[in-house]
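Below are the chains, spelled out letter by letter.
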Amino acid sequence: MEFNLADLFESVVDVVPDREALVYLDHPGTGAERRLTYSGLDEAANRLAHHLADRGIAPGEHVGLHLYNGVEYLSTLLACLKIRAVPVNVNYRYVADELVYLYRDADLAALVFDAEFTDRVASALPQAPKLRHLIRVGTPPGGAAEPGISPVPFAEAEASGTPGRDFGPRSADDQFIIYTGGTTGMPKGVMWRQEDLFFSGMGGGAPTGEPVTRPEELAERVADCGEGIVFFPAPPLMHGTSTLTAFIAFHFGQKVVLHRKFVPEEALRTVEREKVTSISLVGDAMLRPLVDALAGPLKGTDISSLFSVSSSGAVLSETVRGQFLELAPNAMLLNNFGSSESGFNGTATDDAGPDAGFRLRVNARTTVVDPATLKPVAVGEPGRIAQRGHVPLGYYNDPKKTAETFFEADGARWVLLGDMGTVDEEGVVTVLGRGSQCINTGGEKVYPEEVEQALKAHPDVYDALVAGVPDETWGNRVSAVVQIRDGAAPPSLEDIQSHCRIRLAGYKVPRSLVIAPLIQRSPSGKADYRWARAVAENGRV
């Protein structure tokens, strides 16, 4: 047995086969609810794995998951791992042209998709010549164009496969690909060895403790502990945060709760009903609606079971954190930092915020390096955040970007992240922001995240993004795109500037303001800076 995700999952199944593994709750009115034990989820994945193998999907071939959250997503993911096929997440917001790019770039051989995407799949399929097998979940809407390859209904595919585990040996080198969100450019497929992803992205079986040292140790730990921890990954599984959270839960032998989509009120009802102990989110875009619901229509909802709320992929602002902790004083808020390229890097300090900056206590494998020399920077000097050890192999189909991002030094593999930062005497890293989003105004560097934190502290601001706008005098000027709280009067630029000047240096204060009815983000809550820049340059939405 190796550090292979399918092997590890099966080892857990064998010690807690009758324990509840997965609960899927759809929105009210549909009546959809599914509950699977570990053995039930394992059997479902075995059946689909055999179907894929019977249809000629070979080890190393890529299978796209173009799906909303649901049982089908996780069973398909496990099925791929069981036959050593490589699962590839597909952003379900993509339209036909974007899907053509991803299907082709990822060299998909098979695709499992939700029926409502049938038209988009049919449009993209003719330009993806390697894609030869389709499995469809649900019934397509009336009038949808059928793809050129007839999709197999998911239930039929699952029923056609045998339930046994008669698979060949697997390897720690088997791959797992996570495509980035593409909010700052075209998405890239991050290639992970499964052993590296297990340790970097899943905490080695113990994110808050000592990682396992042997593959067999994972199941031994599960056998020695009880149940009662309930994980609720609220963002879409198509983003790495939720998928990694689900695997962390499985590696503890605990329960995962899923909703098809994030609806704040329903999420809170599920926390109360299922006694959720840990919920994962992405930034203010997901936590703020929970705060509004708890303070408003769902006031009094029993969320006392909630022990931890973690965010990764976007920063939780100091303002929203404070509002939530007033409503849920017993919960622990974890402002985590990580990426598709690094897994987990660290957690924000208690004083992280507009005044102190986004300060992180990072793990021993994370540091800040000079991007020119690739050597650690001196205390207080800016550089690129980097991680060594269990890092990805590179970007799929992109040797140029791989060479720019991954390197070897001192006998270890490293990944150079897009985020800039500084490090202090205690090793605490202050994240300045993504280098690609840095605004150069009159020779000074401004990182949007810092300005966004200050903006969100304004009592009338619900959400905000910051972008650079071309300026004849300064090269670029700082522009804010702001969504106002319901019922609040839109603030003037002067009001926003006065608010920011007591929190930011003068050159960081926004010089222009656009009020937007809604800040555009990915389904997981990540910032869409391409949209923000276009809105800021146009001066309107």
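Our structure's up above, just so we're on the same page.
Residues numbered from 1 in each chain as written. Predicted model: local features only at pLDDT ≥ 70, side-chain atom pairs only at ≥ 80, totals over all residues. Heavy atoms only, no water.

K.L.:
For this particular structure, what's the right way to read the pairing of strand S5 (residues 108-114)?
P.N.:
Within a regular beta strand, the side chains point alternately toward one face of the sheet and then the other, so they alternate between its two faces. Here S5 lies mainly inside the structure; 7 of its 7 residues are buried. As defined by bridge partners, strand S3 (residues 62-66) adjoins S5 across 5 bridges and the pair is classed as parallel. Each residue of the ladder has a partner; that of Gly 64, found in S5, is Leu 111. Between S5 and its parallel partner strand S6 (residues 133-137), the chain crosses via helix H5 (residues 118-124), and the hand of that crossover is right-handed. (Buried < 20%, exposed > 50% of the residue type's maximum accessible area, 1.4 Å probe, protein only. Helix = DSSP H or I, 4+ residues; strand = E, 2+ residues; numbered from the N terminus. Pairing = 2+ DSSP bridges. Right-handed = clockwise from strand over helix to strand, strands pointing away.)

K.L.:
What should I look at first to understand the environment of Ser 492 in this one?
P.N.:
Note on placement: Ser 492 falls in the loop between strand S26 (475-484) and helix H15 (493-501). For Ser 492, a relative accessible area of 34% corresponds to the partly exposed category. The sequence separation of Ser 492 and Arg 35 amounts to 457 residues, and the corresponding C-alpha distance is 51 Å. Looking at Ser 492, its side chain comes within polar contact range of the main-chain nitrogen of Asp 495, at 3.1 Å. (Polar contact = N/O pair within 3.5 Å; in protein donor to acceptor, adjacent residues only side chain to side chain.)

K.L.:
For this particular structure, what's the right way to read the nonpolar core?
P.N.:
A general feature of soluble globular proteins is that nonpolar side chains tend to end up buried together. Membership of the largest hydrophobic core comes to 104 residues, with the highest contact counts inside it found for Leu 5, Tyr 103, Leu 111 and Phe 198. Among the elements that make up this core, the one with the highest residue count is helix H3 (residues 71-82) (8 residues). Residue contacts for Phe 198: discarding those within four places in its chain leaves Phe 3, Leu 5, Leu 8, Gly 203, Gly 204, Gly 205, Val 212, Leu 218 and His 251. Leu 25, Phe 232, Ala 267 and Val 320 belong to the second largest nonpolar core, which has 30 residues in total. (Core = buried A, V, L, I, M, F, W, Y, C linked by side-chain atoms within 4.5 Å. Contact = heavy atoms within 4.5 Å.)

K.L.:
I'm lost on unusual backbone geometry in this one. Help?
P.N.:
The bulk of non-glycine residues show a negative phi, and the bulk of peptide bonds are trans. Located in the positive-phi region is Asp 107, a residue other than glycine, with phi close to 55°. Summarising the element assignment, Asp 107 is placed in the loop between helix H4 (96-105) and S5. Phi is positive for Leu 374, which is not a glycine, with a value near 65°. In this fold, Leu 374 is placed in the loop between strand S17 (366-369) and strand S18 (383-388).

K.L.:
Looking at this structure, I do not really get the side chain of His 499. What am I missing?
P.N.:
Looking at the element boundaries, His 499 is found in helix H15. Once you skip the residues sitting within four places of it in the chain, His 499 turns out to touch Ala 454, Leu 455, Ala 457 and His 458.

K.L.:
When you look at the packing of aromatic side chains in this model, what are you seeing that I'm missing?
P.N.:
The relation between two aromatic rings is expressed through the spacing of the ring centres and the mutual angle of the planes. Within this structure, the stated rule accounts for 14 aromatic pairs. Ring geometry for Phe 198 versus Phe 199: centroids 4.9 Å apart, planes at 80°, classification edge-to-face. Under the relative-accessibility criterion, Phe 199 is labelled buried at 18%. For the pair Tyr 395 and Phe 406, a centre-to-centre distance of 5.5 Å together with 65° between the ring planes defines the contact as edge-to-face. With Tyr 395 in strand S19 (residues 394-395) and Phe 406 in strand S20 (residues 406-409), this pair connects stretches of sequence that are 11 residues apart. (Phe/Tyr/Trp six-rings, centres within 6.5 Å; stacked < 30°, edge-to-face > 60°.)

K.L.:
Explanation requested: the side chain of Arg 19 in the structure shown.
P.N.:
Following the sequence through the fold, Arg 19 ends up in the loop between helix H1 (5-15) and strand S1 (20-25). Of the buried charged residues, Arg 19 lacks a salt bridge, with Glu 227 as the closest side chain of opposite charge at 4.1 Å. Side-chain polar atoms of Arg 19 contact the backbone oxygen of Cys 225, separated by 3.4 Å. (Lys, Arg positive; Asp, Glu negative; His and termini not counted. Salt bridge = Lys/Arg side-chain N within 4 Å of Asp/Glu carboxyl O.)

K.L.:
Even after reading the chapter, I still don't get the sheet that holds S26, so can you show me in this structure?
P.N.:
The strands that make up a sheet are held in pairs by hydrogen bonds between backbone atoms, and each pair lies either parallel or antiparallel. The 3 strands are arranged S25-S26-S27 in an open sheet whose pairing can be described as mixed. Unpaired on one side and paired on the other, strand S25 (461-471) and strand S27 (512-515) mark the two borders of the sheet. Sheet twist, expressed as the average angle between the axes of neighbouring strands with direction ignored, equals 25°. Strand contacts of helix H16 (residues 529-538): S25, S26 and S27, with the helix running at about 65° to S25, the strand carrying the most contacts. (Axes fitted to C-alpha atoms, helices over the stretch in contact; angles between N-to-C directions.)

K.L.:
Explain the packing of H1 against helix H9 (residues 240-251) here, please?
P.N.:
In helix packing, the relevant descriptors are the interaxial angle and the interaxial distance, both defined with respect to the helix axes. In the contact formed by H1 and H9, the axes pass within 9 Å of each other and the chain directions differ by 40°. With respect to each other, H1 and H9 are oriented oblique. Residues Leu 5, Leu 8, Phe 9 and Val 12 of H1 form the contact with H9, whose participating residues are Phe 247, Phe 250 and His 251. Across the contact of H1 with H9, the residue classes tally to 6 nonpolar, 1 polar and no charged. (Parallel < 35°, antiparallel > 145°, perpendicular 65-115°, else oblique. Nonpolar A, V, L, I, M, F, W, Y, C, P; charged D, E, K, R; others polar.)

K.L.:
What is the right way to look at the environment of Pro 147 in this model?
P.N.:
Counting through the fold element by element, Pro 147 comes out in the loop between S6 and strand S7 (152-153). Spatially, the C-alpha atom of Pro 147 lies 8.9 Å from that of Ala 124, the residues being 23 residues apart in sequence. Contact partners of Pro 147, with chain neighbours within four places excluded, come to Thr 118, Val 121, Ala 122, Leu 125, Leu 134 and Arg 136.

K.L.:
Just to check I follow, could you spell out the pattern of salt bridges for this structure?
P.N.:
Pairs can form between side chains of opposite charge whenever their charged atoms are close. All told, the structure shown has 37 salt bridges when counted by the stated rule. Between Arg 269 and Glu 266 there is a salt bridge whose closest N-O contact spans 2.6 Å. Of this pair, Arg 269 and Glu 266 are both found in helix H10 (residues 264-274), 3 residues apart, which corresponds to roughly one turn of the helix. Residue Glu 266 is classed as buried on the basis of its relative accessible area of 17%. Through salt bridges with shared partners, a single network forms among Asp 7, Glu 10, Asp 14, Asp 42, Lys 82, Arg 165 and Arg 170.

Everything listed is a geometric property; what it means functionally is a separate question.
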